[in-house]
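Chains, contacts and geometry: an overview
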Amino acid sequence: FWDEIYLLEQFMRRGGFSGVIYRHNEHFLPLFFSWFYAQCCLFGDSYSLMLLVSNIIHALNGVLLAALLERLIPERPGLRTAARITALLFLISGLHAETMQWAFEQCLLLAQTATFLAMLAAIEFVRSGQARFALGAAAATAIAPLLFANGFIAAPQIALLLVLISHPLISNRQRLLRT
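Described in the following lines is the structure provided in the data block.

Conventions used here
Residues numbered from 1 in each chain as written. Predicted model: local features only at pLDDT ≥ 70, side-chain atom pairs only at ≥ 80, totals over all residues. Heavy atoms only, no water. Helix = DSSP H or I, 4+ residues; strand = E, 2+ residues; numbered from the N terminus. Axes fitted to C-alpha atoms, helices over the stretch in contact; angles between N-to-C directions. Parallel < 35°, antiparallel > 145°, perpendicular 65-115°, else oblique. Left-handed = near helix turned anticlockwise from the far one by under 90°. Contact = heavy atoms within 4.5 Å. Salt bridge = Lys/Arg side-chain N within 4 Å of Asp/Glu carboxyl O.

**A short note on the environment of Leu 88**
Counting through the fold element by element, Leu 88 comes out in helix H4 (residues 79–94). Along the primary structure Leu 88 and Gly 62 are separated by 26 residues, whereas in three dimensions their C-alpha atoms are 6.8 Å apart.

Here it is as structure tokens:
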């Protein structure tokens, strides 16, 4: 909660939008601060609307996780359902967490969204070889740390994912490259 109060104070002290370009607790998060500022302007004092946005982002992350898992598993009966159930458990388990209780924690949710998008784009690049997916993966990987510092993990996760899905001894390349 202190982070939210401090950020709101910066918006007031620095004159609104200029409050997004500064370091907070050694983090430089201009994309998230811009996002948070836009919500403050749109919703005013309605904190419940900010928490609704948090839940919408969390639901989007659940959909992205299901899509990611479905692309990584072999085509066998029941595995697609298992991927969706896993994503559902991910959604349910996060509802009681601090991340869903404070609007400021949207920075974590958004960094996770960018990381999931980067992973999905990387998989599509391996499948199709289309440069637009490589660019999408690179862009999402670059954006994630500007939302929150845990987004820096996106680059090593993408590298590991590419190794795992590309190495012939680890993955069935034909299955992955199916259309």
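Next, the rest of the story.
**Overview of the packing of helix H5 (residues 106–128) against helix H6 (residues 131–147)**
Think of two packed helices as two axes; the pair is described by the angle between the axes and how far apart they sit. Look at H5 against H6: their axes get within 8 Å of each other, and the N-to-C directions meet at 165 degrees. Viewed along their axes, H5 and H6 adopt a mutual orientation that is roughly antiparallel. In the crossing of H5 with H6, the sense of the turn from one axis to the other is left-handed. Seen from H5, the contacting residues are Cys 107, Leu 110, Ala 111, Ala 114, Thr 115, Leu 117, Ala 118, Ala 121, Ala 122, Glu 124, Phe 125 and Ser 128; seen from H6, they are Phe 133, Ala 134, Gly 136, Ala 137, Ala 140, Thr 141, Ala 144 and Leu 147.

**Structural notes on the pattern of salt bridges**
Applying the stated rule across the entire model yields four salt bridges. One salt bridge connects Glu 70 with Arg 80, and the closest N-O pair in it is separated by 3.8 Å. Of this pair, Glu 70 sits in helix H3 (residues 47–72) while Arg 80 sits in helix H4, placing them 10 residues apart in sequence. What emerges from the salt-bridge pattern is a single network uniting Glu 70, Arg 80 and Arg 84.

Note that every value here comes from positions in space, so none of it alone points to a role or purpose.
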